[in-house]
Amino acid sequence: MATQTRTALPSLAACALRVKAGEPLSRLIPAGEFDAPRGALTGSGPWRLTPQGAARIIAANASRGTDIAIDYEHQLLLTEQNGQPAPAAGWIDPRSLVFQEGGDEPGLYGAIRWTAKAGAMIASDEYRYLSPVFPYDPATGEVLGLAHVALTNIPAIDEPVMAALSARLSAFPHHQENPDVNETLKKLLAALGLPDTTSEADAIAGVAALKVRADEANTQIAALKSAAPDPAKYVPVATMQALQTEVAALSARVNGDEAARLIEDAIAQGKLVEAQREWASALGKSDIAALRSYVSTAPAIAALKGMQSGGGNPSAGGGGPSDADLAVCKVLGLTAEEFNKAKIGG
């Protein structure tokens, strides 16, 4: 959405659509490319209403404070020339505007509340057509908005109406985007996921769509906050923490029992010596799987079986460790003193 500079005015046009009384929504502008019906002035149309253009028109009217007027025979445009009043034939709720892309008659639709007089004339076939007045881009024919609508029997544009359209349009400022967009606007457009060259109408439509999504999200959040938790699906945090503590304690107890059993069996088999008990016990507490792996792969030393406790002092006769004892020390990574200590039971 760029800095605005005054430039050339768009054009205004009117076309005619058949009135269908009694329907909840009436077609106000046809979708796609369309022309004025027979009798239109030279150069009128073609005009185009795309889904994106319709979205911009809907967004621009969403915050409108007044209903869209329907007059008789475009008198709203001619009253300054002929001095006649311009009574309303009906009113369109701007918040009812919707774009219907499918079906036989796609286009921009709205809910009309007819006056009693107009409703009676439509019912008796005294009036047949709706003639929307809309600004459009003269270069592309793209419909840019919806000014008001007339109830008419003349499905075309005549000279007085065209002159009045031009006078009415010139009373309103029109702006064109300047490519020199300031940094703040660039950031806002980037936050919306829109390019720097986005028009004001497209930016407004993007904000409106974002607001709809935000409102939906807030509604869902409010519903979640107000809903009581299902005890069958959720467990209180305190209960879960207590359960985790109990599981940890039970796991430590089971691992401790298994470690003690593994250590006793390994000592009995000559896979461990008494001097390694404390180390093996600490390993079992921190990583029982590592202790299992060590015990399962450690060689059983026959010279250690039955010598872990209750044995005599190997140095009682004054001699040191034998060659076999030294070999055992090398396998187990023990010093001679540690080995003697293990043999005599510490």
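Preceding this paragraph is the structure being described.
Residues numbered from 1 in each chain as written. Predicted model: local features only at pLDDT ≥ 70, side-chain atom pairs only at ≥ 80, totals over all residues. Heavy atoms only, no water.

### Observations regarding the packing of helix α7 (residues 237–269) against helix α8 (residues 277–286)
The line we're drawing: Angles here are taken between N-to-C directions and fall from 0 to 180 degrees, while the axes themselves are lines fitted to C-alpha atoms, restricted in helices to the stretch in contact. Strands are runs of DSSP state E lasting at least two residues, helices are runs of H or I lasting at least four, and both sets are numbered from the N terminus onward. Crossing handedness is defined as follows: a turn of the near helix away from the far one that is anticlockwise and smaller than a right angle gives a left-handed crossing, while the clockwise case is right-handed. In this analysis, two residues are considered to be in contact whenever any of their non-hydrogen atoms come within 4.5 Å of each other. Note on residue categories: nonpolar means Ala, Val, Leu, Ile, Met, Phe, Trp, Tyr, Cys or Pro, charged means Asp, Glu, Lys or Arg, and polar means any other residue, Gly included.
Contact geometry for α7 and α8: axes closest at 9 Å, N-to-C directions at 145°. Where α7 crosses over α8, the handedness of that crossing is right-handed. Packed against α7, whose contacting residues are Asn-255, Ala-259, Ile-263, Glu-264 and Ile-267, the element α8 presents Arg-277, Ala-280, Ser-281 and Gly-284 at the interface. By residue class, the composition of the contact of α7 with α8 is four nonpolar, three polar and two charged.

### Topic: the environment of Gln-100
By the element assignment, Gln-100 lies in strand β9 (residues 98–100). Between the C-alpha atom of Gln-100 and that of Ala-31, which follows or precedes it by 69 residues, the distance is 8.3 Å. Beyond its immediate chain neighbours, meaning those up to four positions away, Gln-100 contacts Leu-25, Pro-106, Gly-107 and Tyr-109.

### What about the pairing of strand β8 (residues 88–92)?
How we decide: Should DSSP find at least two bridges between two strands, the strands are taken to pair.
Summarising the sheet, strand β7 (residues 68–72) and β8 pair through four bridges and their orientation is antiparallel. Each residue of the ladder has a partner; that of Ile-68, found in β8, is Ile-92. Relative to strand β11 (residues 112–114), β8 runs antiparallel, the two being bridged by three bridges. Bridge assignment links Trp-91 to a residue of β11, and that residue is Arg-113.

### Structural notes on the pairing of β7
Convention followed: The buried label applies to any residue whose accessible area, calculated with a 1.4 Å probe on protein chains only, is under 20% of its type's maximum; exposed applies above 50%, and partly exposed to all values in between.
Across the five residues of β7, five count as buried, placing the element largely inside the fold. Here β7 shows two buried faces, one formed by Ile-68, Ile-70 and Tyr-72 and the other by Ala-69 and Asp-71. Inspection of the sheet shows β7 paired to strand β13 (residues 148–152) by three bridges, in the parallel sense. Paired with Tyr-72 across the two strands is Leu-151, which belongs to β13.

### Some thoughts on helix α3 (residues 116–123)
Filter applied, for reference: In this description, one arc is meant: the one made by directions from the helix axis to the C-beta atoms.
Along α3, the positions that sit buried rather than exposed are Ala-118, Met-121 and Ile-122. Down the axis of α3, the smallest arc covering the buried residues is 100°, so these residues share one side. The exposed set on the far side of α3, more than 90 degrees from its buried face, consists of Ala-116 and Ala-123. On its buried face, α3 sits against β7, β8, β11 and β13. One or two steps after α3, the chain reaches Asp-125, where phi turns positive at roughly 65°.

### Structural notes on unusual backbone geometry
The phi dihedral of Glu-73 is positive, around 55°, even though this residue is not glycine. Structurally, the position occupied by Glu-73 is in the loop between β7 and α2 (75–82).

### Observations regarding the nonpolar core
Just so we agree on the cut-off: The nonpolar core is taken to be a set of buried Ala, Val, Leu, Ile, Met, Phe, Trp, Tyr and Cys residues, with the residues joined through side-chain atoms within 4.5 Å.
Ranked by internal contacts, the top residues of the largest apolar core, which has 27 residues, are Leu-28, Ile-29, Ile-70, Ile-92, Leu-130, Val-143 and Leu-151. Counting only elements with at least two residues in this core, the list comes to β4 (26–30), β6 (47–49), α1 (51–62), β7, β8, α3, β12 (129–136) and β13. Residues contacting Leu-28, with those up to four places away along its chain left out, are Leu-17, Ile-92, Leu-97, Leu-108, Tyr-109, Gly-110, Ile-112, Leu-130, Pro-132 and Leu-146. In this structure, Ala-259, Leu-262, Ile-263 and Val-295 belong to the second largest nonpolar core, which totals ten residues.

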